[in-house]
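The primary structure of each chain is shown beneath.
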Amino acid sequence: MIYALIGNQNCGKTTLFNQLTGSNQHVGNFPGVTVDKKEGRVRRTEDTVVDLPGIYSLSPYTAEEVVTRDFLIRDKPDAILNIVDATNIERNLYLTLQLIELQLPMVVALNMMDEVTASGGSIDIPALSRELGVEVVPISAARNQGISELVSRIQKVAGERILPAKLDFCDGPVHRAIHGVTHLIEDHAAAAKIPARFAATKLIEGDQPTVEALKLNQNELDTVEHITAEMEDALGTDREAALADMRYSYIERLAALTVHKPGETREQERSVRIDALLTHKVLAIPIFLVIMALVFWLTFGLIGAFLSDWMAVGIEWVTGQADAALTAFGINPVIHSLIIDGVFTGVGSVLSFLPTIVVLFFFLSLLEDSGYMARVAFVMDKLLRKIGLSGRSFVPMLIGFGCSVPAIMATRTLSSQRDRKMTIILTPFMSCSAKLPIYAVFTAAFFPDNAALVMILLYVMGMVVAVLYGLLLKSTLFRGQPVPFVMELPAYRLPSPKTIALHMWEKAKDFLHKAFTVIFLASLAIWFLQTLDIRLNVVADSADSMLAAIGTAVSPLFAPLGFGDWRAGTALITGLSAKEAVVSTLAVLMGASDQTQLVPLLSQMFTPAQAFSFLTFTLLYMPCVAAFAAVRREYGSTVKAVGIMAAQTTVAWCVAFVVYRLALLIL
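Conventions adopted
- Residues numbered from 1 in each chain as written.
- Predicted model: local features only at pLDDT ≥ 70, side-chain atom pairs only at ≥ 80, totals over all residues.
- Heavy atoms only, no water.
- Helix = DSSP H or I, 4+ residues; strand = E, 2+ residues; numbered from the N terminus.
- Rg over C-alpha atoms; globule rule 2.2 N^0.38 Å.
- Buried < 20%, exposed > 50% of the residue type's maximum accessible area, 1.4 Å probe, protein only.
- Contact = heavy atoms within 4.5 Å.
- Areas by Shrake-Rupley, 256 points an atom, 1.4 Å probe, with all protein chains shown as cover.
- Salt bridge = Lys/Arg side-chain N within 4 Å of Asp/Glu carboxyl O.
- Pairing = 2+ DSSP bridges.
- Axes fitted to C-alpha atoms, helices over the stretch in contact; angles between N-to-C directions.
- Phe/Tyr/Trp six-rings, centres within 6.5 Å; stacked < 30°, edge-to-face > 60°.
- Lys NZ or Arg CZ within 6 Å of the ring centre and 35° of its normal.
- Right-handed = clockwise from strand over helix to strand, strands pointing away.
- Core = buried A, V, L, I, M, F, W, Y, C linked by side-chain atoms within 4.5 Å.
- Patch = residues over 30% accessible without salt bridge, like charges linked within 9 Å, V, L, I, M, F, W, Y side chains within 5 Å.

Draft legend 1. Just the overall build of the protein, in detail. A count of helices and strands for the protein gives 30 helices and 8 strands. Rg of the C-alpha trace for the protein: 29 Å, near the compact-globule value of 26 Å for 667 residues, within the 12% margin. Overall, the protein is about 90 × 55 × 50 Å in size when its C-alpha atoms are taken along their principal axes. Looking at the protein as a whole, 57% of its 667 residues qualify as buried. Considering only residue pairs separated by 6 or more positions, the protein has 73% of its internal contacts joining residues 24 or more positions apart. Surface exposure of the protein reaches about 27700 Å², of which carbon and sulfur atoms provide 63%.

Listed below in structure tokens is the structure:
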């Protein structure tokens, strides 16, 4: 069996997906965390559950709604598992009523029932099930309560093909319009394999995909338009508002019958009190900056730095043991150099930063899953509008602080193509976690007493450059206004340790995978190019190697920025494979086996002013090839993707040039 898991954003859908499948899917507490459908096997069964994007209706206005609707109508799953937030039941049931019209086997999972009962409320489950005509199962996905009963019910409903009862809750002019259109298009709907009532409501709404699917002739289209116009005249409102009023009127009657003591839950009341401060029109942004400064200080100046130092000591010991073992074995010197100077030095120099990255994502996961980041997006709306974007664009940009690839993919949640394309261009200016090893090494080498301050300055610089570049784009290529911004603010909730642990493990796993694949291969390539000349002879001095020739060719481009050394240029080129490769390249070229050895060696290549210029260019120039591929895929054009990356690198060069000249005066 295949089950479609569908619900509004922030209703606990991804949490339920994890409970059903045991998947390590990340759980986020802000809108837009699920972009594409995700599949998983239901534990202890042969059934599959498909996690579809969070949506509010089946009108295909956004990418999420298109994905969900296409899957339901074209793929026709064996059953729909509709998850509903019991603390916001009236809003959530709007989607439920549309799903019932699809006439597919369906079960409603009433989530967060523990919060409803804790606040003194209750919901009459049998009455709600009877009125909706579908099975309703109370659950708490976060506490793993009611999940086994839910699986049992969905298997029964899907196996026996139990369809929802056909609801007919419309009246007056809306009733006449829906039934009139239904009778008109019944044969077309049957041929297109779309339920007639669902098709009728979509035609009345003016839904173009439904018009195309039904293949109505012009006379039939004119009749539908005439019926709809009569309904609008009779009600004095537009077609979409009329259907929305019809559904919400029924939901109000249903809630009055089944929901008792429907006051705010304790979580909602607490959220209102906290939001009075965290979304304050004056204090909100300063509070956000203080919180992020605290996160960076703990990550780079206290906890993360301490753990990374211990990791570096461990790597150095392992490298020493391997070096001694190879020497004792009498292995060929070239192979010895390949293993120690290539593999151990390249991979080890990056691996020592794993604790720092894990600590950073612990704090980011804490802020994200608590619901705070949704508030930040809300607060940032006013600022982002000045550069031509809405607050919703802040979500992909925020994800960009982790990795540019999922951040670029997350722009699919933006309904405006203008906003989406502009956000894709600006997101890579956000400093991704892959650059952390570079920052950590250079701040330890040149700014040890102000490491956290320099880190914060780099992150802020990336955002400032993005704002300035956005203003330029707004007045040139992307004229116009951003779409209106509507975002649900979820209640503040204490993130579960399991969720945070999963998030940290995912980031650690991704980092380790990259270290032992991309960085490993890059380190081997660097060692090969550094050790051999163009005739494949082992060189006595790396300055005579193939790598030196490549670095020397590009070094004039970077000389005005202060770092004309061929090794610096080479590191930037290898950084296109993965930004962590910048550190591993420098380590291999300078003969450092780990961070502690690399730090003092860097002072031989850079001055503080040159180092800060190098950090600036690293912050802003084009991201890795994976991010380039994501931009090309989202824009659908290699030429445009190349142009975007070339423009970003040009901006990086110009900013680094200015920064270097200023740094010469200050440092």
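Draft legend 2. Spatial organisation of the pattern of salt bridges. All chains considered together, the criterion is met by 19 salt bridges. In this structure, Asp 168 engages Arg 197 in a salt bridge whose closest nitrogen and oxygen atoms are separated by 3.4 Å. Placement of the pair is Asp 168 in the loop between helix H6 (147-159) and helix H7 (172-192) and Arg 197 in helix H8 (residues 196-205), with a sequence separation of 29 residues. Assessed through its relative accessible area of 43%, Asp 168 is described here as partly exposed.

Draft legend 3. Quick peek at the sheet that holds strand E5 (residues 106-111). Within the open sheet, the 6 strands sit side by side as E2-E3-E1-E4-E5-E7. Their pairing is mixed. At either end of the open sheet lies a strand with only one pairing partner, and these are strand E2 (38-41) and strand E7 (135-138). Geometrically, the sheet is characterised by an average inter-axis angle of 25° between neighbouring strands, direction not taken into account. Across 6 bridges, the pairing between strand E4 (residues 79-85) and E5 is parallel. Looking across to E5, one finds that Leu 81 is bridged to Val 107. Docked against the sheet, helix H3 (residues 89-101) engages strand E1 (2-7), E4 and E5, running at close to 165° with respect to E4.

Draft legend 4. Layout of the packing of aromatic side chains. Under the defined criterion, the tally for this structure stands at 21 aromatic pairs. Residues Tyr 439 and Tyr 459 carry aromatic rings whose centres are separated by 6.2 Å and whose planes lie at 75° to one another, so their mutual orientation is edge-to-face. In this pair, Tyr 439 sits in helix H20 (residues 436-446) while Tyr 459 sits in helix H21 (residues 451-475), placing the two residues 20 residues apart along the sequence. Take Tyr 439 and Tyr 459: they sit in the same class, and that class is buried. Their ring planes at 20° and their centres at 5.6 Å tell us that Phe 558 and Phe 563 sit as a pair that is stacked. The pair Phe 558 / Phe 563 is uniform in exposure class, with both members buried. Through a chain of ring-to-ring contacts, the aromatic side chains of Phe 442, Phe 446, Phe 447, Phe 558, Phe 563, Phe 606, Phe 612, Phe 614, Phe 617 and Tyr 621 assemble into a single cluster. When the ring centre of Tyr 621 is taken as reference, the NZ or CZ atom of Lys 579 above it lies at 4.3 Å.

Draft legend 5. Geometry of the pairing of E5. Of all 6 residues that make up E5, 6 are buried, and the element is covered over most of its length. Side chains of E5 alternate between two faces, with Met 106, Val 108 and Leu 110 and Val 107, Ala 109 and Asn 111 buried alike. You can see the chain leave E4, run along H3 and come back into E5, and the turn it takes is right-handed. In this sheet, E7 lies alongside E5 in parallel orientation, the contact comprising 4 bridges. Its bridge partner being in E7, Leu 110 is matched across the sheet by Pro 138.

Draft legend 6. View of the nonpolar core. Membership of the largest hydrophobic core comes to 108 residues, with the highest contact counts inside it found for Phe 442, Phe 563, Leu 598, Leu 602, Phe 606, Phe 614 and Phe 617. If near-sequence neighbours (up to four positions away) are discounted, Phe 606 is found in contact with Phe 442, Phe 446, Phe 563, Ala 568, Ala 611 and Phe 614. Ile 100, Met 231, Tyr 250 and Val 259 belong to the second largest nonpolar core, which has 61 residues in total.

Draft legend 7. Spotlight on helix H26 (residues 581-590). Counting buried positions along H26 gives 10 out of 10 residues, so the element sits mostly inside the fold. Buried within H26 we find Ala 581, Val 582, Val 583, Ser 584, Thr 585, Leu 586, Ala 587, Val 588, Leu 589 and Met 590.

Draft legend 8. Quick look at a nonpolar patch on the surface. A contiguous nonpolar surface patch, about 720 Å² in accessible area, is contributed by Leu 294, Trp 297, Leu 302, Ile 303, Phe 306, Leu 307 and Trp 310. The topology assignment puts Leu 294 in helix H13 (residues 284-329). Judged by relative accessible area, Leu 294 falls into the partly exposed class, the value being 47%.

Draft legend 9. Up close: unusual backbone geometry. The phi torsion at Lys 215 lies on the positive side, around 55°, for a residue other than glycine. Relative accessible area serves as the criterion here: at 69%, Lys 215 is assigned to the exposed category. Unusually for a residue other than glycine, Leu 536 sits at a positive phi of about 65°. Of note, Leu 536 is situated in the loop between helix H23 (518-531) and helix H24 (546-558).

Draft legend 10. Geometry of the pairing of E1. Burial runs high along E1: 5 of the 6 residues are buried. Looking at chain direction, E1 and strand E3 (residues 48-51) are connected through 4 bridges and run parallel. Note on E3: the bridge partner recorded for Ile 2 is Thr 48.

Draft legend 11. Looking closely at the side chain of Arg 375. In this structure, Arg 375 sits in helix H16 (residues 372-385). Taking the relative accessible area as the measure of exposure, Arg 375 reaches 1% and is therefore buried. In this structure Arg 375 touches Ser 271, Asp 275, Thr 279, Leu 489, Pro 490, Ala 491 and Tyr 492, once residues within four positions along its chain are discounted.

In short, the description is geometric, and any link to function would need to be established separately.
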